[in-house]
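Below, each chain spelled out in residue letters.
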Amino acid sequence: MICLLTKKFKTKNISATINKFAAESNTSPLDLSFNLNGVETYIKTVSDDSFVLYPKDIHNYFTDHDKMINEHVKIKQLYTITVTDTPKKIVKLNYNIEFSNNNISPAIIIHPDSQILYKKYKPKEIYMLLLKELNNIKAINKILINIFDEAMKKKLKAFVKYLYGGRFVKKVRIPLFSGLEPEIRRSSKLVMRFLQKERTHQVIEVDEGEVLVDFIKPIFGKNGMNAFGEIVNNIYLKNSEDLKCHVDEKSIEIVENDDKKIYKSRLKGYVHFDENNFYVDNKIKMRHLSRVQDSVAKDEANNIEVIISQNDTSLDSLGEGVELTSETIHINGHVGAKSSLRAVNLIIDGATHKDSTQEAKFATINRHKGRLRCHSAKIALLEGGEVHATDVEIENSLGGTVYAENVTIEHVKSNLKVYASNSITIKRVSGEDNLFKINYKDIPTLNSRYNFVTKEMEDLKYKLQGALKHSPAEVPQLKEKIDELKTEQDKIVNGVKHAKISVKEPFRGINTITFMLLNGEELTYKTQEQAYEPFYLIESDNYITLHPTNKKIAIES
């Protein structure tokens, strides 16, 4: 084969050299390979200011391990390589490299689908080709070559016999480097305290000043050396055994001494911990929350935002039986059965299960099948769910029940029941068997409020009787409070007199309009396929009439 690209280099970083040569030659690094022509080993001892070339037999020096450790030897290697077009190779390995703790004893895992054309060659020739390939792999991964490799050569010879015996059908592990293990009197220990809390689940809330992690430093008796020629000592292990992810020092304080390192939370919030980042925030993002992770918080006023995002639309973001309480909850996926959500601000981009419950001050839900209690609700599709609120806005409905003071709906299909005290405003009703009813007594929140106000008035009237006798100065204030409560009570009861049901487009089927009067009687009208002006009550001397119909009830004199 004629090589169109060939150039010799001296380098300590083979990958970078090949990439640079490929860029200069306007070719891909994947189309290039290299031959390892030679290696120079440089050492630095405790008495050296810099690395110096070791000109003697390198093997003799490295047989004295104690001498190496006592002299605090560090090693670097410089490679002479020839970069060429990739030729047809006799040996082409499919492999991965396993790096041990502290990088002392890395190993190569050779896969059985590797290309080793051994049948035309003698075992010794294949052994030399494999040895050359392993040294190339070590060099490109900056693993020292030609030293501490006795175990590699021994295992490689055994592998060649294994290969010629036709037994290479499973992955084979070969050590690449046998470094010097340090002597440790006390092992390091990483104590993840935030995972040991009473609720040991994925979602963990912590307080300001709480200790999250303790790193207990090791105590050494003797140093070691790894496959990169680095000294393995207390300083090295501090980096390798400690947290490897980025620590956000704005939210986590690091306190360190000679014995240990402590990570403390700077604020109240949720712990975020993965292989890349470690921080505390008042906003939590998750793909899924399941019952085994338990409730996230117990206080709605905790200034914490929870975001749960499940990319798989077939799965629930909030699993079955979960209880979740926070100031703001945002769920990008679906809500599972028997789950319970409590928040000031609630956003659900998916669907709520029919056996789930939600409580909020402000709720925005895409598809609602569960049971919602809130002050203000915005729902894209009501799909058989139940809503208790003060004000409700719905884009589309496929059945369900709404209890509110004011209800606004864009499109109603069939089997919807709406109970309101003030207003029901609808753009289009395309189906049948819907009920639109004005009656505060059907609305549990208003009933509760009416009963509460009644009891408060009774208590104040009792206090008023006592004040008339013993504390006249308190009488005006008590009367004022009673009048305020009476006004509120009258507003609830007399709401039907001012209530209105409006449907802008013509009805397309039979639906029911009902107004509950103060005396307990009902004015009910079945709609026809036509347009109607708004429905409301008109009271005359003798009758109460349901406008715009002729339905009326006589007023008892």
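The preceding data block contains the structure.
Read on for a plain summary of the structure. All figures in this text were calculated on a predicted structure; none of them were measured in a lab.

1. Some details on the overall build of the protein chain
Along its length, the protein chain carries 9 helices and 40 strands. Relative to its 557 residues, the protein chain shows a buried fraction of 43%. Long-range contacts, defined as pairs at least 24 residues apart, comprise 47% of the intrachain contacts of the protein chain with a sequence gap of at least 6. In the form shown here, the protein chain has an accessible surface area of approximately 30100 Å², with 47% of it arising from carbon and sulfur atoms.

2. What to know about the sheet that holds strand 40 (residues 552-554)
Strands sit in the order 38-39-40 across an open sheet of 3 strands; the sheet is antiparallel. With one partner strand each, in any of the chains shown, strand 38 (536-539) and strand 40 form the two edges of the open sheet. Within the sheet, the average angular offset between the axes of one strand and its neighbour, ignoring direction, is 20 degrees. Bridging between strand 38 and strand 39 (residues 543-547) involves 4 bridges; their strand directions are antiparallel. The residue of strand 39 that forms the bridge with Glu539 is Ile544.

3. Examining the nonpolar core
Judged by nonpolar contacts, the single largest core of 49 residues is most densely connected at Val387, Val392, Val402, Phe436, Phe515 and Phe535. At 6 residues, the largest contribution of residues to this core is made by strand 33 (residues 416-429). If we ignore the near neighbours within four places in the chain, the residues touching Phe535 are Ala499, Lys500, Ile501, Phe507, Ile513, Phe515, Tyr525, Thr527, Leu546, His547, Pro548 and Thr549. Ranked by size, the runner-up nonpolar core spans 36 residues in total, among them Ile75, Phe159, Leu176 and Phe177.

4. A look at the pattern of salt bridges
Inspection of the entire model under this criterion finds 18 salt bridges. Here Glu133 ties to Lys89 by a salt bridge, and the two come within 3.4 Å at their closest N and O atoms. Of this pair, Glu133 sits in helix 4 (residues 123-140) while Lys89 sits in the loop between strand 4 (74-85) and strand 5 (91-92), and the two are 44 residues apart along the sequence.

5. Things to note about the packing of helix 4 against helix 5 (residues 150-164)
Where helix 4 meets helix 5, the closest approach of the two axes is 10 Å, and the angle between their N-to-C directions is 130 degrees. Considered as vectors, helix 4 and helix 5 are oriented oblique to each other. Note on packing geometry: the crossing formed by helix 4 with helix 5 is right-handed. Between helix 4, through Pro123, Ile126, Tyr127, Leu130, Leu131, Leu134, Asn135 and Lys138, and helix 5, the contact on the second element is made entirely by Met152, Lys153, Leu156, Lys157, Phe159, Val160, Leu163 and Tyr164. The residue inventory of the contact of helix 4 with helix 5, partitioned by class, reads 12 nonpolar, 1 polar and 3 charged.

6. Regarding the sheet that holds strand 12 (residues 205-206)
Judged by pairing direction, the sheet is mixed, and its 4 strands sit side by side in the order 12-20-21-17 without closing on themselves. Two strands bound the open sheet, and with one partner strand each, they are strand 12 and strand 17 (246-247). Alignment of strand 17 against strand 21 (residues 277-281), held across 2 bridges, turns out to be parallel. Bridge pairing in strand 21 places Val247 opposite Phe278.

7. Here we look at the environment of Leu341
Within the secondary structure layout, Leu341 lies in strand 27 (residues 340-351). For Leu341, a relative accessible area of 0% translates into the label buried. Between the C-alpha atoms of Leu341 and Leu372, which are 31 residues apart in sequence, the distance is 9.4 Å.

8. Some details on the side chain of Asn434
Within the secondary structure layout, Asn434 lies in the loop between strand 33 and strand 34 (435-438). At a separation of 2.8 Å, a polar atom in the side chain of Asn434 contacts the main-chain amide nitrogen of Leu416. Of note is the side chain of Asn434, whose polar atom sits 2.8 Å from the side chain of Asn511. If we ignore the near neighbours within four places in the chain, the residues touching Asn434 are Val412, Lys413, Ser414, Asn415, Leu416, Val429, Asn511 and Thr512.

9. A look at the environment of Asn366
Positionally, Asn366 belongs in strand 28 (residues 357-368). On the accessibility criterion, Asn366 (32% relative accessible area) is partly exposed. Along the backbone, Asn366 and Ala380 are 14 residues apart, and their C-alpha atoms lie at a distance of 4.8 Å. In contact with Asn366, not counting residues within four places along its chain, are Ile348, Asp349, Gly350, Ile379, Ala380 and Leu381.

10. Section: the packing of helix 7 (residues 444-470) against helix 8 (residues 475-493)
At their nearest, the axes of helix 7 and helix 8 sit 9 Å apart, and the two run at 155 degrees to each other. Here helix 7 lies roughly antiparallel to helix 8, going by the angle between them. Crossing handedness for the pair helix 7 and helix 8: left-handed. Residues belonging to the contact of helix 7 with helix 8 are distributed by class as follows: 14 nonpolar, 2 polar and 8 charged.

11. Remarks on helix 8
Spanning 19 residues, helix 8 covers 27 Å between terminal C-alpha atoms, matching the ideal 27 Å at 1.5 Å per step. When helix 8 is considered as a whole, its buried residues turn out to be Val475, Leu478, Ile482, Leu485, Gln489 and Ile492. Burial along helix 8 is one-sided: seen end-on, the buried residues are contained in an arc of 110 degrees. Those residues of helix 8 that are exposed and aimed more than 90 degrees away from the buried face are Pro476, Thr487 and Lys491.

12. Details of helix 7
Across its 27 residues, helix 7 extends 39 Å between first and last C-alpha, which sits within 8% of the 39 Å expected from 1.5 Å per residue. Of the residues making up helix 7, those classed as buried are Leu446, Val453, Met457, Leu460, Leu464 and Ala467. Of the surrounding elements, those touching the buried residues of helix 7 are strand 32 (400-412), strand 33 and helix 8.

13. Here's the deal with the side chain of Thr41
Note that Thr41 resides in strand 2 (residues 32-44). Polar side-chain contacts of Thr41 include one of 3.2 Å to the side chain of Gln77.

14. Here we look at the packing of aromatic side chains
How two aromatic rings sit relative to each other is given by the distance of their centres and the angle of their planes. Summed over the entire model, instances satisfying the criterion amount to 15 aromatic pairs. Where Phe99 meets Phe228, the ring centres are 5.9 Å apart and the plane angle is 35 degrees; that geometry is what we call tilted. Within this pair, whereas Phe99 is found in the loop between strand 6 (95-98) and strand 7 (107-110), its partner Phe228 is found in the loop between strand 15 (224-225) and strand 16 (231-232), the two being separated by 129 residues in sequence. Judged by relative accessible area, which is 38%, Phe99 ranks as partly exposed. Aromatic ring contacts, followed pair by pair, group Phe194, Tyr263, Phe273 and Phe278 into a single cluster. Directly above the ring of Tyr543 sits Lys552, whose terminal nitrogen or CZ lies 5.0 Å from the centroid.

About the cut-offs
Residues numbered from 1 in each chain as written. Predicted model: local features only at pLDDT ≥ 70, side-chain atom pairs only at ≥ 80, totals over all residues. Heavy atoms only, no water. Helix = DSSP H or I, 4+ residues; strand = E, 2+ residues; numbered from the N terminus. Buried < 20%, exposed > 50% of the residue type's maximum accessible area, 1.4 Å probe, protein only. Contact = heavy atoms within 4.5 Å. Areas by Shrake-Rupley, 256 points an atom, 1.4 Å probe, with all protein chains shown as cover. Pairing = 2+ DSSP bridges. Axes fitted to C-alpha atoms, helices over the stretch in contact; angles between N-to-C directions. Core = buried A, V, L, I, M, F, W, Y, C linked by side-chain atoms within 4.5 Å. Salt bridge = Lys/Arg side-chain N within 4 Å of Asp/Glu carboxyl O. Parallel < 35°, antiparallel > 145°, perpendicular 65-115°, else oblique. Left-handed = near helix turned anticlockwise from the far one by under 90°. Nonpolar A, V, L, I, M, F, W, Y, C, P; charged D, E, K, R; others polar. Polar contact = N/O pair within 3.5 Å; in protein donor to acceptor, adjacent residues only side chain to side chain. Expected span 1.5 Å × (residues − 1). Arc of directions from axis to C-beta. Phe/Tyr/Trp six-rings, centres within 6.5 Å; stacked < 30°, edge-to-face > 60°. Lys NZ or Arg CZ within 6 Å of the ring centre and 35° of its normal.

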